[in-house]
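One letter stands for each residue in the lines below.
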Amino acid sequence: MDVWKAAAERQRSHGDVLSLAAGQPSTPAPAPVLRAAGLAIEAELLGYTETFGILPLREEIAGYHRDRYGIDVDADDVVVTTGSSGAFTLLFLAAFDPGDTVVVARPGYPAYRNTLAALGCKVVELDCGPETRYQPTVAMLEELDTPPAGLIVASPANPTGTMIEPAELAALARWCDEHDALLVSDEIYHGIEFGTPGSPATSTAWATSRESVVVGSVSKYFSMTGWRLGWMLAPESLRPALQRLGSNMTVCPPSISQFAAIEAFGTEARAELDAHVSRYAVNRELLLTGLPDLGITELAPADGAFYVYADIEHLLLSGETSTAWCARLLHDTGLALAPGVDFDTVRGDRTVRLSFAGATADVTAALDRLAGWLPLP
């Protein structure tokens, strides 16, 4: 958020900002969704809905999971929420008590850690590096003194874009079931995978364990961040608590977003969305080939999502952090990147995240600005 604020100030003063900092698509919702929103304004009351969401949307989400993964899902398994952020808050309140230990990966999405800490949970970070594609493993869990109350994984992950091998995800799900730990699988970037040689295939935790929780969202692949709509596939044992909490905290997800999002799962919308992924693939390749040419060679594999996570320690001035480096880059060139401090509490002061969700021309221009600013490799 500090980067976005500084970039906005730079834009007002200079009008030259290129941002590779935002973790969201640069495109609007698909055309069928926009049309459906207009129709909903005309035809629907748009008042409160069921706390878990309207049935037609839950049926579409269930069908999406059946078709994509070949697993048995029906509408009763689906809990629609106010964004995936709302899903995590409801779930953490329903599943964990103050003092419970919950394990997350480092580097990883900071809201897991921050929300859990705000709710009084003890957060244990697993140090995940390139040897495990920046992802947790069963071997790491076995090294813990006691089994945790929960484990949160993300595949593809923010900020690294890396994915978990299907066999490893299945093993993590079995381990959690055997040790009475709740596996929370963040799958909000599903649909944005690049299928490059050596990258894992996409898999879902519910293919192995119906006691796990799968979190999805229309924000990333579906290009609907501001519509604030997410969902969970939740085990039956958690649904009563989720129902009570949801009805008290938010009543229901945004009704207009629900009616519109039904169309996000249709053929016309998916063709539009897949075209975005094709553009992401071009942008990804530009960064993965262009950054090493500039001397930035330590990069996460970027199997999916729309991020490149890079180590820039060798580029820092004496005593400088990645936050200060990003501020200096923005000041000198108008190029905004996200420093790694939010994602990694130990080594984030030497890493940055670059988003390639924007226009290909912007990615090319960003590399040109970096080339003119960085010392020659």
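Scoring rules and cut-offs
Residues numbered from 1 in each chain as written. Predicted model: local features only at pLDDT ≥ 70, side-chain atom pairs only at ≥ 80, totals over all residues. Heavy atoms only, no water. UniProt positions renumbered as here; feature names shortened; annotations may be inferred. Helix = DSSP H or I, 4+ residues; strand = E, 2+ residues; numbered from the N terminus. Salt bridge = Lys/Arg side-chain N within 4 Å of Asp/Glu carboxyl O. Buried < 20%, exposed > 50% of the residue type's maximum accessible area, 1.4 Å probe, protein only. Pairing = 2+ DSSP bridges. Axes fitted to C-alpha atoms, helices over the stretch in contact; angles between N-to-C directions. Contact = heavy atoms within 4.5 Å. Phe/Tyr/Trp six-rings, centres within 6.5 Å; stacked < 30°, edge-to-face > 60°. Right-handed = clockwise from strand over helix to strand, strands pointing away. Domains from an automatic or database assignment. Buried area = accessible area lost by both parts, 1.4 Å probe.

- As annotated in an unreviewed UniProt entry, the protein carries the name Aminotransferase and comes from Rhodococcus coprophilus.
- Of the comments in the UniProt record for the protein, the one headed Cofactor (unreviewed entry) reads "pyridoxal 5'-phosphate".
- Under the Sequence similarities (unreviewed entry) heading, UniProt states for the protein: "Belongs to the class-I pyridoxal-phosphate-dependent aminotransferase family."

Points about the UniProt feature "domain: Aminotransferase class I/classII large" (unreviewed entry) in the protein
Line of reasoning, step 1. With numbering aligned to this structure, UniProt lists the feature "domain: Aminotransferase class I/classII large" (unreviewed entry) at residues 16-370.
Line of reasoning, step 2. A distance of 14 Å separates the end C-alpha atoms of residues 16-370, which is 38% helix and 14% strand.

Describing the pattern of salt bridges
Line of reasoning, step 1. Inspection of the entire model under this criterion finds 15 salt bridges.
Line of reasoning, step 2. Measuring nitrogen to oxygen at the nearest pair gives 3.4 Å for the salt bridge that ties Arg58 to Glu50.
Line of reasoning, step 3. Exposure remark for Glu50: the relative accessible area of 46% places this residue in the partly exposed category.
Line of reasoning, step 4. As a salt-bridge pair, Arg113 and Glu125 come within 3.5 Å of each other at their nearest N and O atoms. Here Arg113 is found in helix α5 (residues 110-118), whereas its partner Glu125 is found in strand β4 (residues 122-127), with 12 residues between them in sequence.
Line of reasoning, step 5. Exposure remark for Arg113: the relative accessible area of 15% places this residue in the buried category.
Line of reasoning, step 6. Judged by its relative accessible area of 22%, Glu125 is partly exposed.
Line of reasoning, step 7. Taken together, the shared-partner salt bridges in this structure form one network comprising Arg106, Arg113, Glu125, Asp127, Asp344 and Arg347.

Describing the sheet that holds strand β8 (residues 230-233)
Line of reasoning, step 1. With mixed pairing, the seven strands of this open sheet are ordered in space as β2-β8-β7-β6-β5-β3-β4. Edge positions in the sheet fall to β2 (78-81) and β4, since each has one partner strand and no second. When the angles between neighbouring strand axes are averaged without regard to direction, this sheet yields 25°.
Line of reasoning, step 2. Pairing of strand β5 (residues 150-154) with strand β6 (residues 182-186) involves five bridges; the strand directions are parallel. In the strand pairing of β6, Gly150 is matched with Leu182.
Line of reasoning, step 3. Together, β3 (101-106), β4, β5 and β6 form the strand contacts of α5, whose direction differs from that of β4 by roughly 155°.
Line of reasoning, step 4. Along the sheet, helix α7 (residues 166-178) makes contact with β5 and β6, crossing β5 at roughly 165°.

Section: the packing of aromatic side chains
Geometrically, a pair of aromatic rings is defined through the distance of the ring centres and the angle of the planes.
Line of reasoning, step 1. Taken as a whole and judged by the stated rule, the model has 17 aromatic pairs.
Line of reasoning, step 2. Ring centres of Tyr64 and Trp231 lie 6.2 Å apart, and the angle between their planes is 80°; this geometry places the pair in the edge-to-face category. Here Tyr64, found in helix α3 (residues 55-69), pairs with Trp231, found in strand β8; they are 167 residues apart in sequence, far enough to count as distant. You'll find Tyr64 and Trp231 in the same group, each marked buried.
Line of reasoning, step 3. Between Phe306 and Tyr307, the ring centres sit 5.1 Å apart and the planes meet at 70°, which makes this aromatic pair edge-to-face.
Line of reasoning, step 4. Accessibility expressed as a relative area gives 0% for Phe306, which makes it buried.
Line of reasoning, step 5. Look at Tyr307 and you get buried, because its relative accessible area is 0%.

As for the pairing of β6
Line of reasoning, step 1. Within β6, five of the five residues are buried, leaving the element largely enclosed by the surrounding structure.
Line of reasoning, step 2. Handedness of the β-α-β unit built from β5, α7 and β6 comes out right-handed.
Line of reasoning, step 3. Across three bridges, the pairing between β6 and strand β7 (residues 213-217) is parallel. Bridged to Ser185 within β7 is Val214.

Comments concerning the sheet that holds strand β12 (residues 351-355)
Line of reasoning, step 1. With respect to topology, three strands assemble into an open sheet ordered β9-β12-β11, the strand pairing being antiparallel. Of all strands in the sheet, those with a lone pairing partner are β9 (307-311) and β11 (338-339), marking the two edges.
Line of reasoning, step 2. Direction of pairing for β11 relative to β12: antiparallel, over a ladder of two bridges. Its bridge partner lying in β12, Pro339 is registered against Val352.

A word on the domain arrangement of the protein
Line of reasoning, step 1. Annotation of the protein at the domain level lists domain 1 (1-25 + 269-372) and domain 2 (31-265).
Line of reasoning, step 2. Summarising the inter-unit geometry, the C-alpha centres of domain 1 and domain 2 are found 26 Å apart.
Line of reasoning, step 3. Each side of the interface is counted separately: domain 1 has 30 residues, and domain 2 has 37 residues.
Line of reasoning, step 4. Together, the buried faces of domain 1 and domain 2 total about 2800 Å²; carbon and sulfur atoms form 57% of this surface.
Line of reasoning, step 5. On the domain 1 side of the interface with domain 2, the three residues burying the most area are Arg270, Asp303 and Phe343, jointly 23% of the side's total.
Line of reasoning, step 6. The interface formed by domain 1 and domain 2 contains three salt bridges.
Line of reasoning, step 7. Of the charged contacts in the structure, one is a salt bridge between Arg106 and Asp344, with a shortest N-O distance of 3.4 Å.
Line of reasoning, step 8. Elements with a contribution of two residues or more to the side of domain 1 that touches domain 2: α10 (267-293) and β9.
Line of reasoning, step 9. Among the elements that take part in the side of domain 1 that touches domain 2, α10 stands out by supplying 10 residues, more than any other.

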